[in-house]
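# Residue-level structural notes
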Amino acid sequence: MDLIRSTAACVIQQGERFLMVEEQRGGPKSVFNQPAGHIEPGEGPMEAILREVLEETAWQVSLTGYLGLYVFHTEGGQTFHSHGFIAEPLSQLDLALDPDITAAHWLTLEQIRALEQQARLRSPLVLKRIEDALSGPCYPLAVIRE
């Protein structure tokens, strides 16, 4: 029996650009994602996403809203429950990025849509979360009781 994987992802916008991470996933081309990752044992989703954003981008952020719970089923039969957040950037620290991350980029929505056309987004949730962040609804962080 496969376990459900619990993850968190964060849409971080500054002006007209969104903070994205580029990573190698074994294919010929890199893929792009929001800062995201698995929720570790003993963590709640908010603690996990703050850790993941710092590890993957070296940015400290302030969570401002909850997009909701996204349920994603892969072609391989895995199920992910992904908590979507919105955050504002506070400061970038001088830290090494997670070894799985090639680089962090600030990209426009048009650039992200172009990456989707090239099949270079890590999952369909990447663009969905950005579109949801731009159009709402967004829920208060208090809906999560950690």
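Each remark here, short or long, concerns the structure printed above.
Residues numbered from 1 in each chain as written. Predicted model: local features only at pLDDT ≥ 70, side-chain atom pairs only at ≥ 80, totals over all residues. Heavy atoms only, no water.

## What about the overall build of the protein chain?
In terms of regular secondary structure, the protein chain is built from three helices and seven strands. Secondary structure elements in the protein chain, listed N-terminal to C-terminal, are β-β-β-β-α-β-β-β-α-α. Computed over C-alpha atoms, the radius of gyration of the protein chain comes to 14 Å, within 12% of the 15 Å expected from 2.2 N^0.38 for 146 residues, which places it in the range of a compact globule. Projected onto the principal axes, the alpha-carbon positions of the protein chain cover approximately 40 × 40 × 30 Å. (Helix = DSSP H or I, 4+ residues; strand = E, 2+ residues; numbered from the N terminus. Rg over C-alpha atoms; globule rule 2.2 N^0.38 Å.)

## Here we look at the packing of aromatic side chains
If you walk through the whole model with that rule in mind, you get two aromatic pairs. Here W59 and W106 contribute two aromatic rings whose centre-to-centre distance is 5.6 Å and whose plane-to-plane angle is 85°, an arrangement assigned as edge-to-face. Placement of the pair is W59 in strand 5 (residues 59–73) and W106 in strand 7 (residues 101–108), with a sequence separation of 47 residues. When its relative accessible area of 11% is taken as the criterion, W59 is described as buried. (Phe/Tyr/Trp six-rings, centres within 6.5 Å; stacked < 30°, edge-to-face > 60°. Buried < 20%, exposed > 50% of the residue type's maximum accessible area, 1.4 Å probe, protein only.)

## Some remarks on the packing of helix 2 (residues 109–117) against helix 3 (residues 125–135)
Relative orientation of the contacting elements helix 2 and helix 3 amounts to 150°, with a least axis distance of 11 Å. By the criterion of interaxial angle, the relationship of helix 2 to helix 3 is roughly antiparallel. Here the hand of the crossing between helix 2 and helix 3 comes out left-handed. Judged by residue contacts, L109, I112, R113 and E116 of helix 2 engage L127, I130, E131 and L134 from helix 3. Within the contact of helix 2 with helix 3, the residues separate by chemical class into five nonpolar, no polar and three charged. (Axes fitted to C-alpha atoms, helices over the stretch in contact; angles between N-to-C directions. Parallel < 35°, antiparallel > 145°, perpendicular 65-115°, else oblique. Left-handed = near helix turned anticlockwise from the far one by under 90°. Contact = heavy atoms within 4.5 Å. Nonpolar A, V, L, I, M, F, W, Y, C, P; charged D, E, K, R; others polar.)

## Side note on the pairing of strand 1 (residues 4–14)
Relative to strand 6 (residues 79–92), strand 1 is paired through nine bridges, and the arrangement is parallel. Bridge pairing in strand 6 links C10 to F85. Pairing analysis gives two bridges linking strand 1 to strand 2 (residues 17–23), with the strands arranged antiparallel. Each residue of the ladder has a partner; that of Q14, found in strand 2, is R17. Between strand 1 and strand 2, which follow one another and run antiparallel, lie two residues, and G15 among them has a positive phi close to 65°. (Pairing = 2+ DSSP bridges.)

## Observations regarding the side chain of T79
Within the secondary structure layout, T79 lies in strand 6. At 3.0 Å, the side chain of T79 and the side chain of H73 are in polar contact. Excluding residues within four positions of it along the chain, T79 makes contact with L3, I4, R5, V71, F72 and H73. (Polar contact = N/O pair within 3.5 Å; in protein donor to acceptor, adjacent residues only side chain to side chain.)

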